[in-house]
Amino acid sequence: MPTIREVAQKAGVSVTTVSHVVNQTRVVAEDTQQRVKQVMQELGYRPNVLARSLRRGETHTLGLVLPDSANSFFAEMAYAIENCAFGRNYSLVLCNTSADPQKERLYSEVLFNKQVDGIIFVAAGDDTQSLQELLAHNLPVVVVDRHLENIPVDTVTSDNFQGGYLAAHHLIDLGQRDIAIIRGPSNISPSAARVTSSLQTFGEAGISIPAEWILYGDFHAKSGYLAMQQLLSLPKKPGAIFACNDLMAIGAMRAIYEAGLRIPKDISLIGFDNIELAAYTYPPLTTIGQPIQQLAEIAVSTLLQRIQTPESVCQRITLPNELIVRQSTRRIV
Ligand code: RIB
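Since this is a predicted model, take the numbers as computed values, not measurements.

## Points about the overall build of the protein chain
Of regular secondary structure, the protein chain possesses twelve helices and twelve strands. When the 333 residues of the protein chain are sorted by exposure, 53% land in the buried category. Looking at the protein chain alone, contacts between residues at least 24 apart form 73% of all its contacts between residues at least 6 apart. Of the charged side chains in the protein chain, 28 are positive and 32 negative; the average position of the first set lies 2 Å away from that of the second.

## Looking at the pairing of strand 1 (residues 61–66)
With respect to burial, strand 1 is a largely interior element, six of its six residues being buried. Burial of strand 1 is two-sided: the residues T61, G63 and V65 facing one way and the residues L62, L64 and L66 facing the other way are all buried. Pairing of strand 1 with strand 2 (residues 91–96), which is carried by six bridges, proceeds in the parallel orientation. Bridge assignment links L66 to a residue of strand 2, and that residue is N96. Handedness of the crossover is the feature at issue here: the chain leaves strand 1, passes through helix 5 (residues 72–87), returns alongside strand 2, and the resulting connection is right-handed.

## Examining the domain arrangement of the protein chain
Each assigned domain of the protein chain is listed with its residue range as follows: domain 1 (4–47), domain 2 (60–159 + 292–319) and domain 3 (160–290). A straight line from the C-alpha centre of domain 1 to that of domain 2 covers 26 Å. Contact residues are listed per partner, giving seven residues for domain 1 and ten residues for domain 2. Counting the surface lost from both domain 1 and domain 2, the interface buries some 690 Å², and carbon and sulfur atoms represent 45% of this. Joining domain 1 to domain 2, the criterion identifies two salt bridges.

## Focus: the sheet that holds strand 4 (residues 141–144)
Strand order across the open sheet formed by six strands is 2-1-3-4-5-11, with parallel pairing between neighbours. Two strands lie at the open edges of the sheet, namely strand 2 and strand 11 (316–319), each paired on one side alone. Each adjacent strand pair in this sheet contributes to an overall mean axis angle of 15°, direction not counted. Its contacts with the sheet place helix 5 against strand 1, strand 2, strand 3 (118–121) and strand 4, and it is angled at close to 170° to strand 1.

## Looking at the packing of helix 2 (residues 15–23) against helix 7 (residues 129–136)
It is at 9 Å that the axes of helix 2 and helix 7 come closest, and there the two elements cross at 10°. Taken together, helix 2 and helix 7 sit at an angle that is classed as roughly parallel. Contacts between helix 2 and helix 7 pair V15, T16, S19 and N23 from the former with Q132, E133, L135 and A136 from the latter. The residue makeup of the contact of helix 2 with helix 7, split by class, is three nonpolar, four polar and one charged.

## Topic: helix 7
Within the span of helix 7, buried status applies to S130, L131, E133, L134 and A136. Where the residues of helix 7 are buried, they touch helix 1 (4–11), helix 2, helix 6 (101–113), strand 3 and strand 4. The positive-phi residue at the C-terminal boundary of helix 7 is N138, with phi of around 60°.

## Some points on the packing of aromatic side chains
Taken as a whole, this structure holds one aromatic pair when the rule is applied. Look at F73 and F74: their rings are 5.2 Å apart centre to centre, the planes differ by 80°, and that puts the pair in the edge-to-face class. For F73, a relative accessible area of 3% translates into the label buried. Residue class for F74 comes out buried when judged on its relative accessible area of 8%. Above the face of the F272 ring, R194 is positioned so that its terminal group lies 3.8 Å from the ring centre. When the ring centre of Y225 is taken as origin, the NZ or CZ atom of R254, which lies over that ring, is 5.0 Å away.

## Notes on the pattern of salt bridges
By the definition in use, this model includes eleven salt bridges. Between R316 and E149 there is a salt bridge whose closest N-O contact spans 3.3 Å. Taken as a pair, R316 in strand 11 and E149 in the loop between strand 4 and strand 5 (154–158) lie far apart in primary sequence, 167 residues in all. According to the relative accessible area criterion, R316 is partly exposed, its value standing at 48%. E149 sits in the exposed class, given a relative accessible area of 54%. Of the charged contacts in the structure, one is a salt bridge between E258 and R254, with a shortest N-O distance of 2.7 Å. With E258 and R254 both in helix 11 (residues 246–258) and four residues apart, this pair spans about one turn of that helix. Take R254: its relative accessible area is 52%, and that puts it in the exposed class. Taken together, the shared-partner salt bridges connect R5, E109 and E133 into one network.

The rules we used
Residues numbered from 1 in each chain as written. Predicted model: local features only at pLDDT ≥ 70, side-chain atom pairs only at ≥ 80, totals over all residues. Heavy atoms only, no water. Helix = DSSP H or I, 4+ residues; strand = E, 2+ residues; numbered from the N terminus. Buried < 20%, exposed > 50% of the residue type's maximum accessible area, 1.4 Å probe, protein only. Contact = heavy atoms within 4.5 Å. Lys, Arg positive; Asp, Glu negative; His and termini not counted. Charge placed at Lys NZ, Arg CZ, Asp CG, Glu CD. Pairing = 2+ DSSP bridges. Right-handed = clockwise from strand over helix to strand, strands pointing away. Domains from an automatic or database assignment. Buried area = accessible area lost by both parts, 1.4 Å probe. Salt bridge = Lys/Arg side-chain N within 4 Å of Asp/Glu carboxyl O. Axes fitted to C-alpha atoms, helices over the stretch in contact; angles between N-to-C directions. Parallel < 35°, antiparallel > 145°, perpendicular 65-115°, else oblique. Nonpolar A, V, L, I, M, F, W, Y, C, P; charged D, E, K, R; others polar. Phe/Tyr/Trp six-rings, centres within 6.5 Å; stacked < 30°, edge-to-face > 60°. Lys NZ or Arg CZ within 6 Å of the ring centre and 35° of its normal.

Written out as structure tokens, the structure reads:
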């Protein structure tokens, strides 16, 4: 049975365009419409209209697609989502994509074929092809932890710009000026937003951060450890670190102690997420708390609302983060 992707490829258009031609959900140029319809006829493509009617709450199962279920943030997010779904009489199928777009596409097809009623989707990165295919098949989807431009989908995320501001302002308020940043993967929009807003806040306070003090991690603890070792090997060492997630901050802690330094006496450290572990490191980690439970509750309720009213206007929901001061940062002036 030909897929919508094959139609799109043969017609030389996107999957989303094929969906708009099939569902008449957006104006498409007449010549493009004709070309798509021609290809659909040639391939014998039949839109999955029937599947959708079967999908209206028939399975009471939701899909959850995560890029890294081993990361505490996503593990705690999955736990909260499962709790919420169970409380609303839905079971959950968890798919871990290991941030691999190919695996993400495979799992999207698996969930589609299992006829889940809807999917909560955390994109692996900036590749949105599998998300667009799900939408093209009229599957109810809510995207979490990412705001996606130009794609008609509900999104629920925390305010990463505000979070980056809170982290930067906290360090500035403590009199810190020699500040380094350990950022997340380059293709992850939340990390980029945190870095952009923190750099802007530092700049407004007259603090410029040298390029060699802005290092990339991959959101895992080891990358924070290695990045911190690199920072400690430089002739001039930073006095404070903003790590764009708690796991990298925890990795950085070990590198700081192995270098014979103390937190916060020698180096202040602030993370992002407020995973459960952050309160139990030594010293307990100052961090920017994402409202994980609230994000989960709103993601589930938004998805169930989408299932019931597929044509309603897409929502873009942004929740505030919170500065959580513990003992890993200190005032120096
Ligand atoms: O710790 C994982 C990070 O990836 C979190 O900050 C979350 O926002 C996601 O972007």
